[in-house]
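What follows is each chain in one-letter form.
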Amino acid sequence: MFKRLWAVILKETREFVRDPLYVSLVVIGPILMLVMFGYGMDMDVEELHMVAVDHDNSEYSRELLEKFQHDNTFLLQETIYSTAQAEEMLKAAEARFALVIPPDFGSKISRGEQAELEALAEATYTTQAQTALGYAEAIAQQYLDQIWRRRGGEGSGGESSGESWLRGLPFSIGLQHNVWFNPDLESKNYLIPGLYAIVLTYFPAVIASFMFVRERETGTDLNYLASTAQPWEIVFGKAIPYGLVVSLVQFVLAAIALGIFQVRFQGSLLLLFLAGTFYIFCTIGLGLFISVLCRTQISALIITVVAVLLPSFMYSGLYGPVAPDEPLALAISHLVPAYYFVTICRGIFLKGLGLTYYAFEVAALFVLTLFIYGVAISAFSKRRKK
Amino acid sequence: MPAINAQNVSKSYTDEEIALDRVSLTAESNRITGLVGPDGAGKTTLMKIIAGVLWPDEGDVQVGDIDVLQQPEELKANIGFMPQGLGAALYDRLSIRENMEFVRDLRGLDEASYQEQIRPLLKLTRLEKFIERRAGQLSGGMRQKLALILSVLHYPDVLLLDEPTTGIDPLSRQEFWTLIARLREERDLTVLVCTANLEEAERCSNVFLFHEGQIQQRGSPEQLKLELAGQVYRLEYSTNKSLPAVKVGEEALDFYRDGHYLRLRKKENSKFPDSISDYDWQAAEATVEDVMRSVVPRTELPPLPAVNGDKSTGAKINFEGLTKQFGSFTAVNEVSGRLKPGEVYGLLGPNGAGKTTLIKMICCLLEPTAGQVFADDRNVWEEREWFKRQLGYMSQQFSLYRDLTVRENVELYSGLYDADRDFSKALLERFDLINYEGTLTADLPGGMRQRLALTTALQHQPRFLVLDEPTSGVDPAAREVFWETIRQTAQERDLTVLVTTHYLSEAEYCDQLGLMNEGDWIGSGSPADIREQAYRRGGGVLLVRAEQFREASRRLRREFSDLTVIGRDIRIRTRQPEETAKEVKAKLSGLAGTVHTEPAELLMEEAFIDHIRAHEANN
């Protein structure tokens, strides 16, 4: 019964290991993607060029600026005394961030009143600007806390003590205080596990999407069509060897995440690989389904990018929770396998939780996988259109 | 009961593209049945439908007692199907053995019957010593022989072969047909074979002539040819001369050049057309080609009228020791030749012989690993810019834009090559394309597209014209007229012309030939020289015809190693035809019915095979 399945597995394996292009696509592709996106999507802000406008020029204002100087988020270029000049510098991109200290800053603090600071952020890169504002606020707050503590926690701050009010001016957009507070204040701990999941979504799917259509292009598909081979034998005969090969790539990816990016890892590697292997078979199924439907490799590639890669980026929660107030977006995300696997991966990486905490995700992935293979096998036609 | 029975099968891919129009066909069991016709006639479509891999729009298909449309999977255990293309179903990265093992397991064969079969099959196809070689490194002929083995491993009752020998070398072709004949005999196979090659049609016991999705004629080759008995005449004729004008349809039923003969078909007992009645015409047997030409409406491709224009001077082309290696693979191995103005030089060889690689080196599109090319004694690689102005190149898939009209294509190329517009216009008139000026290139009738490609290649008035497989995929009648066009153009403009083709029958249109096989230069000279060389080496041919054809061929095959069967003609290669005739008569004594023997000319195919063998023997 399994003779034909074995025939396909053996043939696929032999072809695969003799094709340098596919070997490099399978091994080098995922590594490149993880490394490139890992560095490229790093949303941490470092050495942001800033300028300070010190209208106050008091002991307090200088002390505050010293804090900024010591923080490597910002690189304090110079201290000037005109807001207009700061705005010019922002326009000319000589600085990306300006902190304006009003003339009464020092006196207000010494009186224990609410002090106001003004921040100007060049918000072409929205995320960066927001992050910078968040850091600025945190630094200001730390400083004020320090002062309150120096005064023995006393003072007339009351409930409003320590509050600073940061205001965004022409260059800052949507000024909100959403700074991540993951323990190390580093985005990589959040991003890399998600990317890890995306890489294991995209590459297996792309490779699988070529598998059948490639034979259709060369004409070898007629071996299956003109014989008594069953669709399930062909689909699994292709999925199994590729799935196992890609599973090996997981080790390399994990090594890069932990070794190069130094991501916090709390969970069990074994668990990560087990879940990953299952997930790889899921995404290979997706690719095979596409491959069964397409007539050329190039169309299979494009469809995989549009139907697998893009939804995985947009709806998996890679950048943040999928908009909970958008029912449609939420519904779509539940159909995207990456949505579940990103959650599982982050859980294993960051929280070290076992799979039991992700029973829902695991069950959902299982159902999706069954469905995908069911559709792929039933879509496999033993007849040609032409 | 017929082994294959298809009734009223229709299939269209789009509204305009009707592949099959209510076609009915039966194939007798244990016979070779041919589907014969030009490309695009619907043969492949019908074959795929019979194989159960394509669904017809209407119609019924039975193979044995299986209804193909109802029980396609049951059918598939009983058929072998070899799709079109050189080893199209092979996995290039797997070795011969691995390909065979894949099919063994896919077909669920037991080891014993597998082992029992492959030994003799590999031996017969001379593939046994290459068993560990990857399919991607086999020649076209070897690939097709391997594909044939793969398609019979599971002992099918019916074997479907789609253009199995197109583009393979003649020796492999001969071996291929021998193998088929043997399999049919030993295994009671029913064979259905598609072919565009009319000589191959003669090997079938029954043929169906296809044209534009319909069957035009059916019957055994003998029956079909008998219908034209007394109508066909031939005349030995120098290929250097142009065709005399004969109005087909009025003065004669058909008139064309076939190799170094002119062929004429006229109504029985009618008189010869005036313009050619002085020649010494001899009655000839009809061929399947004559039959095909009689049922297929002639492609309207009028021959060109002669002109006396201003002559340019063709370039003298010289290439010496040209070699091209891709890694460890030698695509072209030390090839040399000389081309003269006004002559058509033909590069002849199967697909994969290295013809296109050689042409690309001559045209400076590919740098040779070794060797040089000279045009008028100037090194062309060093003077590429100068040389490209002398060169007109028509590539294999000639680069016409199908969605542009004839005029737009011509304008595009005249712009690209900075050509004289008046000259372009003159060419359009010359090639009778002026009436098609507003026609989309995609809608041009067969053969006209070739002329358009030729027009674009000639626009900048080159002195050296290179045509890579210009007649590939064109029906035979259009091919013949296109060759006339090429020849006339070469003579009129005193051009140096280099043409490649894998149709051996086209060799006679050339003044000089270069024979290539697997990258090697295996012979050169005029067509007559080539045949003469082969004749001197291995003698001529004794043609044997026996009423008891099967028994005769069985007996003779045991005696004569160099024997081929084409249709019901048994051809024996021999130096002493009279002696051999006596031997044949002796071997066939006691056989009922008549036995007729006569010495025959070597076919170009046989001469080519002779050159391949001589070359193999020297290495």
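Relevant structure appears above.
Quick caveat, the model's predicted, so the values are computed rather than measured.

(A) Local environment of the overall build of chain B. When helices and strands are counted, chain B shows 19 helices and 28 strands. A globule of 619 residues ought to have a C-alpha radius of gyration of about 25 Å, and chain B, at 25 Å, matches this closely. Taken over the C-alpha atoms alone, chain B extends approximately 70 × 65 × 60 Å along its principal axes. Burial status across chain B gives 57% buried among its 619 residues.

(B) Inspection of the overall build of chain A at higher detail. Helices and strands together make up the secondary structure of chain A, namely 14 helices and four strands. The 386 residues of chain A split such that 53% are buried. Long-range pairs, those at least 24 residues apart, make up 80% of the contacts in chain A between residues at least 6 apart in sequence. Looking at chain A as shown, the accessible area adds up to about 17400 Å², and 62% of this sits on carbon and sulfur atoms.

(C) Representation of a nonpolar patch on the surface in the model. Residues and elements named next belong to chain A. A surface patch of nonpolar side chains, amounting to about 500 Å² of accessible area, comprises I298, I302, V306, L310 and M314. By the secondary structure assignment, M314 is in helix α11 (residues 297-315). Residue M314 is classed as exposed on the basis of its relative accessible area, which comes to 59%.

(D) Main features of helix α1 (residues 3-17) of chain A. Taking 1.5 Å per residue as the helical rise, α1 of chain A with its 15 residues ought to reach 21 Å, and the 21 Å between its terminal C-alpha atoms agrees with that figure. Listing the buried residues of α1 of chain A in full gives R4, L5, A7, V8, I9, K11, E12, R14, E15 and F16 of chain A. On its buried face, α1 of chain A is in contact with α2 (20-40), α7 (188-218), α8 (222-225) and α9 (231-260) of chain A together with α3 (96-106) of chain B.

(E) Structural view of the packing of helix α10 (residues 269-293) of chain A against helix α13 (residues 337-351) of chain A. Residue and element names in this part refer to chain A. The N-to-C vectors of α10 and α13 enclose an angle of 165°; their axes lie 11 Å apart at closest approach. Comparing the axis directions of α10 and α13 gives the class roughly antiparallel. Two packed elements cross with a definite hand, and for α10 against α13 that hand is left-handed. Residues L271, L272, A275, G276, Y279, C282 and L286 of α10 form the contact with α13, whose own contacting residues are P337, A338, F341, I344, C345, I348 and F349. Considered class by class, the residues forming the contact of α10 with α13 number 13 nonpolar, one polar and no charged.

(F) Representation of the packing of aromatic side chains in the model. For the coordinates displayed, the defined rule picks out 25 aromatic pairs over all chains. Between Y22 of chain A and F210 of chain A, the ring centres sit 6.2 Å apart and the planes meet at 75°, which makes this aromatic pair edge-to-face. Within this pair, whereas Y22 of chain A is found in helix α2, its partner F210 of chain A is found in helix α7, the two being separated by 188 residues in sequence. Accessibility expressed as a relative area gives 11% for F210 of chain A, which makes it buried. The interplanar angle of 70° and the centroid separation of 6.0 Å between the aromatic rings of Y340 of chain A and F360 of chain A together place this pair among those described as edge-to-face. Residue Y340 of chain A is located in helix α13, and its partner F360 of chain A is located in helix α14 (residues 359-379); the two are separated by 20 residues in the primary sequence. A relative accessible area of 4% places Y340 of chain A in the buried class. An aromatic cluster of at least three residues, connected via ring pairs, comprises F212, Y224 and F380 of chain A together with Y91 and F102 of chain B. Cation over ring: R104 of chain B sits above Y114 of chain B, and NZ or CZ is 5.1 Å from the ring centre.

(G) Here's a closer look at the packing of α10 of chain A against α14 of chain A. Residue and element names in this part refer to chain A. Relative to each other, α10 and α14 sit at 25°, their axes nearing to 9 Å. In terms of orientation, α10 and α14 fall into the roughly parallel class. As α10 runs across α14, the sense of the crossing is left-handed. Here F278, Y279, F281, C282, I284, G285, L286, F289, V292 and L293 of α10 lie close against α14, whose contacting residues are L365, F366, T369, I372, Y373, V375, A376 and A379.

(H) Seen up close, the interface of chain B and chain A. Across the boundary between the two partners, chain B contributes 30 residues, which contact 28 residues of chain A. Carbon and sulfur atoms supply 58% of the area that chain B and chain A bury against each other, a total of about 2700 Å² over both sides. On the chain B side of the interface with chain A, the three residues burying the most area are Y91, R93 and L106 of chain B, jointly 25% of the side's total. At the surface where chain B touches chain A, the tally comes to five salt bridges. Note that E98 of chain B and R18 of chain A form a salt bridge whose closest N and O atoms lie 2.6 Å from each other. Between chain B and chain A we count 10 residue pairs in polar contact (both at pLDDT 80 or more) in total. Looking at the side of chain B that touches chain A, the elements that each hand over two or more residues are α2 (72-76) and α3 of chain B. With five residues, α3 of chain B is the single largest residue contributor to the side of chain B that touches chain A. Considering only residue class, the side of chain B that touches chain A consists of 15 nonpolar, three polar and 12 charged.

Calculation criteria
Residues numbered from 1 in each chain as written. Chains lettered and ligands numbered in written order. Predicted model: local features only at pLDDT ≥ 70, side-chain atom pairs only at ≥ 80, totals over all residues. Heavy atoms only, no water. Helix = DSSP H or I, 4+ residues; strand = E, 2+ residues; numbered from the N terminus. Rg over C-alpha atoms; globule rule 2.2 N^0.38 Å. Buried < 20%, exposed > 50% of the residue type's maximum accessible area, 1.4 Å probe, protein only. Contact = heavy atoms within 4.5 Å. Areas by Shrake-Rupley, 256 points an atom, 1.4 Å probe, with all protein chains shown as cover. Patch = residues over 30% accessible without salt bridge, like charges linked within 9 Å, V, L, I, M, F, W, Y side chains within 5 Å. Salt bridge = Lys/Arg side-chain N within 4 Å of Asp/Glu carboxyl O. Expected span 1.5 Å × (residues − 1). Axes fitted to C-alpha atoms, helices over the stretch in contact; angles between N-to-C directions. Parallel < 35°, antiparallel > 145°, perpendicular 65-115°, else oblique. Left-handed = near helix turned anticlockwise from the far one by under 90°. Nonpolar A, V, L, I, M, F, W, Y, C, P; charged D, E, K, R; others polar. Phe/Tyr/Trp six-rings, centres within 6.5 Å; stacked < 30°, edge-to-face > 60°. Lys NZ or Arg CZ within 6 Å of the ring centre and 35° of its normal. Buried area = accessible area lost by both parts, 1.4 Å probe. Polar contact = N/O pair within 3.5 Å; in protein donor to acceptor, adjacent residues only side chain to side chain.

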